[in-house]
Amino acid sequence: MKDKNTKVPEIRFRGFTDAWEQRELGEIVKKLKSYPLSRDVETKERTGYRYIHYGDIHKQIADLIVQDEDLPSIKEGDYIPLNQGDLVLADVSEDYTGIAEPSIILHEPKTKIIAGLHTIAIRPQSATSLYLYYLLHTERFKKFGSHVGTGLKVFGITFNNLSLFQIKTPSFPEQTAIGNFFRTLDDTITLHKRKLDKLKELKKAYLQRMFPQAGNDVPKVRFAGFTEPWASRKLGEVAEIVRGASPRPIQDPKWFDEKSNVGWLRISDVSVQDGRVHYLEQHISKAGQKKTRVLTQPHLLLSIAASVGKPVINYVNTGVHDGFLIFQNPNFEIEFMFQWLKMFEEQWLKYGQPGSQINLNSDIVKNQDISIPTKEEQKHIGNLFLNLDNQVFVRQQKLDQLNQLKRSYLQRMFL
């Protein structure tokens, strides 16, 4: 564990040995002008200026480097623009983790950029921009923000509070080395995210083109050698569809046992694993198993409560509560139907009423029309999507590993 009184970080680049100097953030930055420009500002005259709004900072995920072409335009005015290397922080957030979320003007702006509504703009004076940018991503800074931030439903922070943050800085050469290291790591993360996004978009396109659209009995794209029209069926005709069961009251701890080899399926497990359930966080006791449906082989399931319409394949022993339907004795290839349900997922929302929680009953699902090809064509389609899903999984794992590596380095390379 890092000693709070240490004067050097746990990990350093070779050749740097000097102790780090402690100062307050307000001593090493200059506050710049921000303007109360919201999304409601007049934008018809698009001449010369763009502005960064606190929402532009919060909406970005992997890379908070400001790209001016992605910002809204405003008409020419008497504004003081930002320079390359300036930082812009969001001064409000819906929760404390987003307080003072930083962004940076990494390159010379193509157009003049100004700081808009609910932002704090600062210009580093005694620190390099990249070093300061990544320092403000550390957990220590997040905890500081949560401590000095104010508000109940919306958290906020002022520059005066922000300026009190205790910052430890090395020499400029070491700051540059640290900033460049994290920028390279971010570039790698961004590259992997783009590849992941492309794979997801490719799958989305295939889902739309390899299943027939309404009114058609063949899809737009097929494997060579398959020419027969797809047969029209109802889901209840190609499987025995039954509902899971839940012990009551569900909060009673006697229904659960962490040592049990039978998991208890929850929608959170489905969401985290994108429908392919290889592990379950909660496990159901032997008493609970008598009150539910237990699956010891992979089955196709469908969520019908809360987050409705999510298809599931269980690869572990699973207790299925009454928020899911089980497709038993299927007369289809499971992988094919899993992907069809993925394609159809948003369509289930039409059965809900605006403003209310959507629930599906088994009759609605059983009576849903579907076009279905031969088993052989189903296998080809299922294998194609399974291969895509495996690629997405591998790419997602790599991205998760890189993000975890970055979090670790942020913890160990700053004081």
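Up top is the structure.
Because the structure is predicted, anything quoted here is derived from the model rather than measured.

## Description of the nonpolar core
If you look at the biggest cluster of nonpolar residues, it comprises 72 residues, and the most contacted ones within it are F327 and M337. Those residues in contact with F327, other than ones at most four positions away along the chain, are L235, A239, E240, I241, H299, L300, L301, L302, F332, L341 and V365. Listed in part, the 11 residues of the second largest apolar core include L265, V270, L295 and V320.

## Some words on unusual backbone geometry
Each neighbour pair has its own omega, and for R248 with P249 the value is -5 degrees, a cis peptide bond. Along the chain, the position of P249 falls in the loop between β13 (240–243) and β14 (263–264). A positive phi is found at H118, a non-glycine position, where the angle reads about 55 degrees. Locating H118 in the fold gives a position in the loop between β8 (112–115) and β9 (119–124). On the basis of relative accessibility, which here comes to 33%, the residue H118 falls in the partly exposed class. We note that D274 has phi near 55 degrees; this positive angle belongs to a residue other than glycine. Mapped onto the fold, D274 is located in the loop between α8 (267–272) and β15 (276–277). The class of D274 is partly exposed, set by a relative accessible area of 46%.

## Section: the sheet that holds strand β2 (residues 29–32)
Across the sheet, 4 strands lie side by side as β2-β9-β5-β7; this open sheet has antiparallel pairing. Each edge of the open sheet is held by one strand with a lone partner, namely β2 and β7 (102–104). Neighbour-to-neighbour, the strand axes of this sheet turn through a mean angle of 30 degrees, independent of strand direction. In the sheet, strand β5 (residues 87–90) pairs with β7 via 3 bridges, with the strands oriented antiparallel. From the neighbouring strand, L89 faces β7, where its bridge partner is P102.

## Some thoughts on the packing of helix α6 (residues 172–209) against helix α12 (residues 375–412)
The angle between the axes and the distance between the axes are what describe a pair of packed helices. With their axes 10 Å apart at the nearest point, α6 and α12 run at an angle of 160 degrees to one another. Relative to α12, the element α6 is oriented roughly antiparallel. Where α6 crosses over α12, the two elements pack in a sense that is left-handed. Grouping the constituent residues of the contact of α6 with α12 by class yields 17 nonpolar, 5 polar and 9 charged.

## Observations concerning the sheet that holds β14
On the basis of which strands lie adjacent, the open sheet formed by 3 strands has the order β14-β19-β16 and mixed pairing. Either end of the sheet is taken by a strand with one partner, and the two such strands are β14 and β16 (293–295). Pairing of β16 with strand β19 (residues 318–320), which is carried by 3 bridges, proceeds in the antiparallel orientation. The residue of β19 that forms the bridge with R293 is V320.

## Overview of the environment of A231
Relative to the helices and strands, A231 resides in strand β12 (residues 231–234). Counting along the chain gives 14 residues from A231 to D217, while the straight-line C-alpha distance between them is 7.3 Å. In this structure, A231 is in contact with I370, S371 and I372, ignoring residues within four places of it in sequence.

## Some points on the pairing of β5
Where burial is concerned, the two faces of β5 agree: the one with L87 and L89 and the one with V88 and A90 are both buried. For β5 and β9, the ladder comprises 4 bridges, and the chain directions are antiparallel. Each bridged residue has a counterpart across the sheet, and for A90 the counterpart in β9 is T119.

## Considering the pattern of salt bridges
What the rule picks out here adds up to 16 salt bridges. With a closest N to O distance of 2.8 Å, R123 and D86 form a salt bridge. On the criterion of sequence distance, the pair formed by R123 in strand β9 and D86 in the loop between β4 (73–74) and β5 is long-range, its members being 37 residues apart. In this structure, R276 engages E335 in a salt bridge whose closest nitrogen and oxygen atoms are separated by 2.5 Å. In this pair, R276 sits in strand β15 while E335 sits in helix α10 (residues 334–344), placing the two residues 59 residues apart along the sequence.

Parameters at a glance
- Residues numbered from 1 in each chain as written.
- Predicted model: local features only at pLDDT ≥ 70, side-chain atom pairs only at ≥ 80, totals over all residues.
- Heavy atoms only, no water.
- Core = buried A, V, L, I, M, F, W, Y, C linked by side-chain atoms within 4.5 Å.
- Buried < 20%, exposed > 50% of the residue type's maximum accessible area, 1.4 Å probe, protein only.
- Contact = heavy atoms within 4.5 Å.
- Helix = DSSP H or I, 4+ residues; strand = E, 2+ residues; numbered from the N terminus.
- Pairing = 2+ DSSP bridges.
- Axes fitted to C-alpha atoms, helices over the stretch in contact; angles between N-to-C directions.
- Parallel < 35°, antiparallel > 145°, perpendicular 65-115°, else oblique.
- Left-handed = near helix turned anticlockwise from the far one by under 90°.
- Nonpolar A, V, L, I, M, F, W, Y, C, P; charged D, E, K, R; others polar.
- Salt bridge = Lys/Arg side-chain N within 4 Å of Asp/Glu carboxyl O.

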